[in-house]
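Okay, here's what each chain looks like letter by letter:
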Amino acid sequence: MPSEQELQISPLVPESIQHNSKTLYNLQSLTASLFGISAGILGLESYSGFLFYIVFSLLTVFLLYVVRVAPASSSVALSKGGASKPLDTSSYFRTPFEFWAGGLMNGLAGFILTWTLFYGLVRA
C-alpha cells in the first residue's frame, strides 16, 4: 500500500486503475454479446454487422465517459484550480487508447459468436 506522501506526489493508485480497467473490460464483453444478439436477430451480414458492432461499442464507451468519467474528472480539475481537457481519461485509466478503443478487440470474439448463433437461429 503506498504511503500518504507517495499518494500526494502521484495521486494515481495502481489498484484503482486496475479495477477501472477490469470493470470496463467486463462492460465491453457483456455489451459485445448483446450487440451480437441484436445483429443476429436483425439479420445483418458482412460489413453491416461489423459496422453495427463498431458504432455501438464506441457509443457505449462515449456514454460511459459522459455519465461517469467526465463529471468526476471535471470536479477534480476544478478542485485543483484548472480547466479539464476534453475527453481526458488519464485520472482513471493508463492510456486514452485503453479507454476509447481497447475494448473493440476484447469483445469481438463474443460478438461474432453470438451474432452467428442468433443469425442461424432466426434464419433457420
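Residues numbered from 1 in each chain as written. Predicted model: local features only at pLDDT ≥ 70, side-chain atom pairs only at ≥ 80, totals over all residues. Heavy atoms only, no water.

Student: Hey, could you run me through the nonpolar core in this one?
Tutor: Among soluble globular proteins, nonpolar side chains are generally buried collectively. Within the largest apolar cluster, 7 residues are counted, these being Ala-32, Phe-35, Ala-39, Phe-52, Tyr-53, Phe-111 and Trp-115. When contributions to this core are tallied by element, the ones reaching two or more residues are helix 2 (14-42), helix 3 (46-80) and helix 6 (108-123). In terms of residues, this core owes the most to one element, helix 2, which gives 3 residues. The residues contacting Trp-115, other than those within four sequence positions of it, are Gly-36, Ala-39, Gly-40, Leu-44, Glu-45, Ser-46, Gly-49 and Phe-50. Counting 6 residues, the second largest nonpolar core, distinct from the first, contains Val-61, Val-69, Phe-93 and Phe-99. (Core = buried A, V, L, I, M, F, W, Y, C linked by side-chain atoms within 4.5 Å. Buried < 20%, exposed > 50% of the residue type's maximum accessible area, 1.4 Å probe, protein only. Helix = DSSP H or I, 4+ residues; strand = E, 2+ residues; numbered from the N terminus. Contact = heavy atoms within 4.5 Å.)

Student: Help me understand the UniProt feature "transmembrane region" (unreviewed entry) in the protein, please; the structure alone is not making it clear to me.
Tutor: UniProt records the feature "transmembrane region" (unreviewed entry) at residues 24-43, 50-70 and 99-122, using the numbering of this structure. Annotated as residues 50-70, this span is 100% helix and 0% strand, and its ends, taken at the C-alpha atoms, are 28 Å apart. Along residues 99-122 one finds 92% helix and 0% strand; the C-alpha atoms at either end are 34 Å apart. (UniProt positions renumbered as here; feature names shortened; annotations may be inferred.)

Student: Would you take a moment to explain empty space enclosed by the protein for this structure?
Tutor: Across all of its chains, the model carries 1 cavity of 30 Å³ or more by this definition. Elements that contribute at least two residues to the lining of the largest cavity include exactly helix 2, helix 3 and helix 5 (102-106). Top element by residues in the lining of the largest cavity is helix 3. It accounts for 5 residues. (1 Å grid on protein atoms, 1.4 Å probe; cavity = no way out; pocket = protein on both sides within 12 Å on 5 of 7 lines; lining within 4 Å. Points joined across faces, edges and corners; volume = space filled by probe spheres on them.)

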